[in-house]
Amino acid sequence: MILSAVRDPYPTRDKNEGALVRRVEPVVHSPWHDNAPLTEAQHQQFEQLGYLVLTDVFSSFELDTLRAEAERTAQQWKARPGCERVVLEPDSEQMRSLFGVHQHEGLLGETASQPRVLEAVEYLLNDSVYIHQSRLNFKNPVYGSGFEWHSDFETWHAEDGMPGMRAISATVLLTDEVSADGSLKFIPGSHRTFVACPGETPDTGHQQALRRQMAGKPPSLFLDLLEENGGVQELVAPAGSVVLMDCNLMHGAGKNTSDFLRANLFYVYNAVSNALCKPFAADAPRPDFIASRDIKPLTALSEV
C-alpha cells in the first residue's frame, strides 16, 4: 500500500530553476555514549562531513567469498535477456548494476544484516531499519562510466516518495578504491543543504534513467557554492572497507581509467519511521526492486 503524500519540506523538479533548502532534521539521531558501536570521533565526523569510512570490516576470507558470490550471481542474471534488474553501461553491453540483491537468498542478501554494519546504521538513525534499495555495482576497465554530482535523496524523494532524510547508504568495497579508477568523490558538509533541481521527472522509464542520469541534476552554480564551503574529498580505501554516507550528501565519480575492475555492494538503509509515501515529483513509484516498500525491520545475523 502506498501512503498518501505528506507536506513536502523539500520541493524539487517543479519547473523552477532550483533552490538551496536548509535541512530540517538531524543528521545523527542518537547521542554518543560509551557503548555506542562507533567512537566519538566517528560520530562527529559523520555528523559534520556526512560520511564515514570504516576499514577492515570484512576479512580477506570474507572478501574472497563475497567476490565469488558476486561474480556467480552477476553471470546468472546477465544470462536473462531483458531482465530489468540488470542495468548495462550507457555505451556498451557491460553490466553496470544488478538491483535487489538483498532479496536474494545467500551471502549477498545476508550481508545487509551484517551486525558490524547494521548496528552502526541503527545507532546513527536511532531506529529499526529496512533495505530501501540494494545493488551490486561494477565499474569495468575502459567501459566503466562515472556519474555526475547528485544527491541520492533528491531522487529517492522525488521518484520513490522518501519523506525525510533518515536514511544511510553503506557501500561494501569488494575491490580497492584508488584515484586512478574513477574513485567516489564527496562534497563534505553538503548533506546539510538540500539542492532542489530544475525540470521535471521525464516519463522515459526508470531503466533508461538508470543507465544515464536524466533528472535530478544540480545547477552548476549551486555545486560551486557547495564546493566553496566544503571542498571535494576523494575516497581512497582498501577492499573490505565500508563507506557510510548520509542520503543527502552530494557525490559523484569519474570513469574507470585503470586496468582493474571496481566492484562494490551497495545497501540503502531507511528508518522504519521514514517509510515511503507517494512520490513527490513523479506520476508513479519505481518498481519494488529499486525502491522497496516492504518495511519489515532487519535483524542482525549472529556472529560466528
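Read on for an overview of the structure. These numbers were taken from a predicted model, which means no experiment stands behind them.

**Considering the side chain of H29**
Within the secondary structure, H29 sits in the loop between β1 (19–22) and α1 (40–49). Excluding its chain neighbours within four sequence positions, the residues that come into contact with H29 are L124, L125, N126 and R166.

**So, unusual backbone geometry**
A positive phi is found at R13, a non-glycine position, where the angle reads about 55°. Within the secondary structure layout, R13 lies in the segment before β1. A positive phi angle, near 50°, is found at N126, a position not held by glycine. Structurally, the position occupied by N126 is in the loop between α4 (115–125) and β5 (129–139).

**Things to note about the pattern of salt bridges**
Inspection of every chain in the model, using the stated rule, returns 11 salt bridges. Between D246 and R23 there is a salt bridge, and its shortest N-O distance comes to 3.0 Å. With D246 in strand β11 (residues 242–246) and R23 in the loop between β1 and α1, this residue pair connects regions lying 223 residues apart in the sequence. For D64, the salt bridge goes to R67, with nearest N and O atoms at 3.0 Å. You can see D64 and its partner R67 sitting in helix α2 (residues 60–78), three residues apart, about one turn around the helix. Given the relative accessible area of 32%, R67 is considered partly exposed. Among the ionic contacts, a cluster of salt bridges with common partners joins R13, E154, E159, D160 and R286.

**Focus on the pairing of strand β7 (residues 167–173)**
Most of β7 sits out of view: seven of its seven residues are buried. The side-chain alternation of β7 yields two buried faces, one formed by A167, S169, T171 and L173 and the other by I168, A170 and V172. Direction of pairing for β7 relative to β11: antiparallel, over a ladder of five bridges. Its bridge partner being in β11, I168 is matched across the sheet by D246.

**What about a nonpolar patch on the surface?**
Nonpolar side chains collect at one region of the surface, where L20, L221 and L225 lie side by side and expose about 260 Å² of accessible area between them. You can see L20 is positioned in strand β1. Taking relative accessible area as the criterion, L20 reaches 39% and is therefore assigned partly exposed.

**Description of the sheet that holds strand β10 (residues 233–234)**
Ordered in space as β6-β12-β8-β10, the four strands form an open sheet in which the pairing is antiparallel. Edge positions in the sheet fall to β6 (147–151) and β10, since each of these pairs with one other strand and no more. Relative to strand β12 (residues 250–253), strand β8 (residues 184–186) is paired through three bridges, and the arrangement is antiparallel. For K185, the partnering residue across the bridge sits in β12 and is G252. On the sheet, helix α5 (residues 152–160) packs against β6 and β12 and is oriented at approximately 70° with respect to β6.

**Brief notes about helix α7 (residues 220–230)**
For α7, every residue scored as buried is listed here: F222, L223 and L226. Looking down the long axis of α7, one finds its buried residues gathered within 100° of arc, a one-sided arrangement. Facing away from the buried side of α7 by over 90 degrees, the exposed positions are S220, L221 and E228. The secondary structure elements touched by the buried residues of α7 are β1, β6, β9 (193–196) and β12. Backbone geometry just after α7 places G231 at a positive phi near 75°.

**A closer look at the environment of Q75**
Inspection of the secondary structure assignment puts Q75 in helix α2. Separated by 20 residues in sequence, Q75 and M95 have C-alpha atoms that sit 9.5 Å apart.

**So, α2**
Compared with an ideal rise of 1.5 Å per residue, which puts 19 residues at 27 Å, α2 spans 27 Å between its outermost C-alpha atoms and is within 8% of the ideal. All buried positions along α2 are accounted for by L63, L66, E69, A70, T73, A74 and W77. On an axial view of α2, the arc spanned by its buried residues comes to 135°, and they lie on one face. Seen from the open side of α2, the exposed residues pointing more than 90 degrees away from its buried face are S60 and F61. Next to the buried residues of α2 lie β3 (86–88), β4 (95–99), α3 (107–110), β5, β7 and β13 (262–271).

Rules used in this analysis
- Residues numbered from 1 in each chain as written.
- Predicted model: local features only at pLDDT ≥ 70, side-chain atom pairs only at ≥ 80, totals over all residues.
- Heavy atoms only, no water.
- Helix = DSSP H or I, 4+ residues; strand = E, 2+ residues; numbered from the N terminus.
- Contact = heavy atoms within 4.5 Å.
- Salt bridge = Lys/Arg side-chain N within 4 Å of Asp/Glu carboxyl O.
- Buried < 20%, exposed > 50% of the residue type's maximum accessible area, 1.4 Å probe, protein only.
- Pairing = 2+ DSSP bridges.
- Patch = residues over 30% accessible without salt bridge, like charges linked within 9 Å, V, L, I, M, F, W, Y side chains within 5 Å.
- Areas by Shrake-Rupley, 256 points an atom, 1.4 Å probe, with all protein chains shown as cover.
- Axes fitted to C-alpha atoms, helices over the stretch in contact; angles between N-to-C directions.
- Arc of directions from axis to C-beta.
- Expected span 1.5 Å × (residues − 1).

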